Amino acid sequence: MTALNSVGTSGSRRSLLLAAVAGLVVIGSVARFLTGSPLWLDEALSVNIASLPLGDIEGALRRDGHPPLYYWLLHGWMEVFGDGDRAARALSGVISLATLPLIWAIGRRVEGARAARFALLVAALSPYAIRYASEARMYALVMLLVAAGYLLYRRVVEGPRVLDTVLLAVTVGALLWTHYWSAYLLAVVGVALLVHWWRAPEERRATGAVIVAFGAGLVSFLPWLPAFLDQAAHTGTPWGRPARPTQVLSETIQDLGGGPFPEGHLYGIVAVVLVLLAALVHAASDTTGRVELAGSLHPRLRRELTAVAGTLLLGTAIGYLTNGSFASRYAAVVVPLILVAIGVGMSLLPKGWIRWGLVLGLVTTGLVGTYEVVSTDRSQAEELAAEIAAEAGPADVVVVCPDQLGPSLDRALSGSVVESSIVPYPTAGDPRFVDWRDYEERNDAADPAAFAAGVLDQVGEGGAVWMVWNGTYRTFEDHCEAIISHLGATLAPEVVLPAGDQFERADLFVFR
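Residues numbered from 1 in each chain as written. Predicted model: local features only at pLDDT ≥ 70, side-chain atom pairs only at ≥ 80, totals over all residues. Heavy atoms only, no water.

1. Considering the state of the cysteines
Phase 1: This structure, assessed with the given rule, holds one disulfide.
Phase 2: Covalent S-S linkage joins C401 and C480, the inter-sulfur distance amounting to 2.1 Å. Here the disulfide of C401 and C480 is left-handed, its torsion about the S-S bond being about -90 degrees. Here C480 lies in helix α22 (residues 479-488) and C401 lies in strand β3 (residues 397-401), a separation of 79 residues in the sequence. (Disulfide = S-S within 2.5 Å. Helix = DSSP H or I, 4+ residues; strand = E, 2+ residues; numbered from the N terminus.)

2. Considering the packing of aromatic side chains
Phase 1: This structure, assessed with the given rule, holds 22 aromatic pairs.
Phase 2: Consider the rings of Y132 and Y139, whose centres lie 5.4 Å apart with planes at 65 degrees: the pair is edge-to-face.
Phase 3: Here the aromatic cluster, defined as three or more aromatic residues joined through ring pairs, consists of W72, W177, Y180, F221, W224 and F228. (Phe/Tyr/Trp six-rings, centres within 6.5 Å; stacked < 30°, edge-to-face > 60°.)

3. Some details on the packing of helix α4 (residues 69-81) against helix α5 (residues 85-111)
Phase 1: Interaxial distance between α4 and α5 falls to 9 Å at its minimum, and their mutual angle equals 120 degrees. Between α4 and α5, the interaxial angle falls into the category oblique. Like other packed secondary-structure pairs, α4 and α5 cross with a definite hand, here right-handed. Contacts from Y70, L73, L74, W77, M78 and F81 in α4 reach A87, A88, A90, L91, S92 and V94 in α5.
Phase 2: Along the lines of polarity and charge, the residues of the contact of α4 with α5 split into eleven nonpolar, one polar and no charged. (Axes fitted to C-alpha atoms, helices over the stretch in contact; angles between N-to-C directions. Parallel < 35°, antiparallel > 145°, perpendicular 65-115°, else oblique. Left-handed = near helix turned anticlockwise from the far one by under 90°. Contact = heavy atoms within 4.5 Å. Nonpolar A, V, L, I, M, F, W, Y, C, P; charged D, E, K, R; others polar.)

4. A word on helix α2 (residues 41-50)
Phase 1: The buried fraction of α2 amounts to ten of the ten residues, a majority that puts the element mostly inside the structure.
Phase 2: When α2 is considered as a whole, its buried residues turn out to be L41, D42, E43, A44, L45, S46, V47, N48, I49 and A50.
Phase 3: On its buried face, α2 is in contact with α3 (54-62), α4, α5 and α19 (406-412). (Buried < 20%, exposed > 50% of the residue type's maximum accessible area, 1.4 Å probe, protein only.)

5. Side note on the pattern of salt bridges
Phase 1: Applying the stated criterion across every chain yields a total of 18 salt bridges.
Phase 2: The salt bridge involving R62 is made with E58; its shortest N-O contact spans 3.2 Å. Taken as a pair, R62 and E58 lie in helix α3 at a separation of four residues, close to a single helical turn.
Phase 3: Residue classification places R62 among the partly exposed residues on the basis of a relative accessible area of 24%.
Phase 4: Beyond isolated ion pairs, a larger network of salt bridges with shared partners links E58, R62, D230 and R437. (Salt bridge = Lys/Arg side-chain N within 4 Å of Asp/Glu carboxyl O.)

6. Remarks on a nonpolar patch on the surface
Phase 1: On the surface, a cluster of nonpolar side chains totalling about 260 Å² of accessible area is made up of V26, V30 and L34.
Phase 2: Looking at the element boundaries, V26 is found in helix α1 (residues 2-31). (Patch = residues over 30% accessible without salt bridge, like charges linked within 9 Å, V, L, I, M, F, W, Y side chains within 5 Å. Areas by Shrake-Rupley, 256 points an atom, 1.4 Å probe, with all protein chains shown as cover.)

7. Some points on the side chain of S408
Phase 1: Take S408: it is sitting in helix α19.
Phase 2: Residue classification places S408 among the buried residues on the basis of a relative accessible area of 4%.
Phase 3: Not counting residues up to four positions away in its chain, the partners in contact with S408 are L39, W40, L41, A44, S379, A381 and E504.

8. A few points about the nonpolar core
Phase 1: By size, the foremost hydrophobic cluster in this structure holds 110 residues, and its most contacted members are Y128, L168, L274, I342, V344 and L362.
Phase 2: For this core, the element with the highest residue contribution is helix α8 (residues 139-158), accounting for 14 residues.
Phase 3: When near neighbours in sequence (up to four residues on either side) are disregarded, V344 contacts V110, E111, A115, A278, R300 and L301.
Phase 4: Core analysis: the next-biggest nonpolar cluster, separate from the first, contains 46 residues, V399, A464, F476 and L508 among them. (Core = buried A, V, L, I, M, F, W, Y, C linked by side-chain atoms within 4.5 Å.)

9. Quick notes on the packing of helix α9 (residues 162-176) against helix α11 (residues 204-220)
Phase 1: Running from N to C, α9 and α11 point in directions that differ by 40 degrees, and their axes come no closer than 7 Å. Judged on the interaxial angle alone, α11 and α9 are oblique. The chirality of how α9 crosses α11 is right-handed. Note on element contacts: α11 touches α9 through A209, V210, A213, F214, A216, G217, L218 and S220, opposite T165, L168, A169, V172, G173 and L176.
Phase 2: Tallied by class, the residues present in the contact of α9 with α11 amount to ten nonpolar, four polar and no charged.

Here it is, written out as structure tokens:
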């Protein structure tokens, strides 16, 4: 009877635990669709480019600097569901949900059913994954393709089948057509494959099949190569400077937890501990509570973590050579492997307070990070637009300095009397887009005085100039302030709204 009671108690605890995990997975899944923040620059650009006729998207991307696959998918999605904020973002949410079972499958292949459950929990509540599941950008798609590519790679290695090899080739090509940082991951894995093919003759058939799939994926990118070379020569990351390896590591760890706040930092620390356990734990004993550490990376995740480190290092090195910057969103090409490693680390800990303390810590900080991600406004555009729309008249002109504030503000002012009167600095062109071609050179050559004079010429009888500006953007040092000075010499300035604490924020002045 005691034994039966014990079994019953154990079964009840297991059921409660599985129910709790399922509930948290549902919470994380729903959170992917909850943000109500207005679209910020990158998202507004995504929607505006994807709204163009399919034949015009390539030309727009030559001025933007990205490959086209996500924009084609978003174009088709918006044809069906519309281009509202939630509708545009929902594509990333659906893609992110489709990634969750793939993460579970990877965890199961690496370390079994328990690791699969933990990996699923980690991925479902990942503030990083939820951030990009709730943005109209390509990073959720990158994570889906990386997870799918990993599983296909493992299937081909275990026994080459034509269908799996073809699907792997399609996935490799799709990654290149989605984001250029994918090339760093593919380069690291490709070199490792060539070395393995040379060193392990007995496995050359399987390794060769993977190499063929990689080659076919690379060939599929050739039609886009002229556009890529043009982008490489004229666009880039003028908004930032090259990052040191320590900066890349620090920003990636911080944003795994959702951002620069205490719980985000704590999430990152716990995540690093669990990844190290996954990398170094030799064996874990549920009976003795002891954990044995290996003297080097354990074979279970050696290839995966080497690919993570190699990708980040290669991307950082090339960034230095090409004067390219780093943003933690680029780490999407390796985050699925990191999330699986965190789940594996959880599964390797022996039962007891250490395991559940770390699990509870990661879940709690992950929930806080998720709340921050879905509740924090990413742009001040709607607040600024509301102030302008409440008082602006048809003779008014709206200036945005720099032009990077234009796409989100234009979207927020849609339908207002000044919708067609938005003038971005320095181009005075279409505020829906930012032309990144030779960006820094153009901004250095811009003339704030001439721009201000042109704005004053556009103002109608009795009209005012509204100016949305932020002087901290790189390559615009003192330009916005110079425009304010020149406008203020003719019209009286008034501060309407100070910059908020959003990621994309600006001051609002009016000159009458």
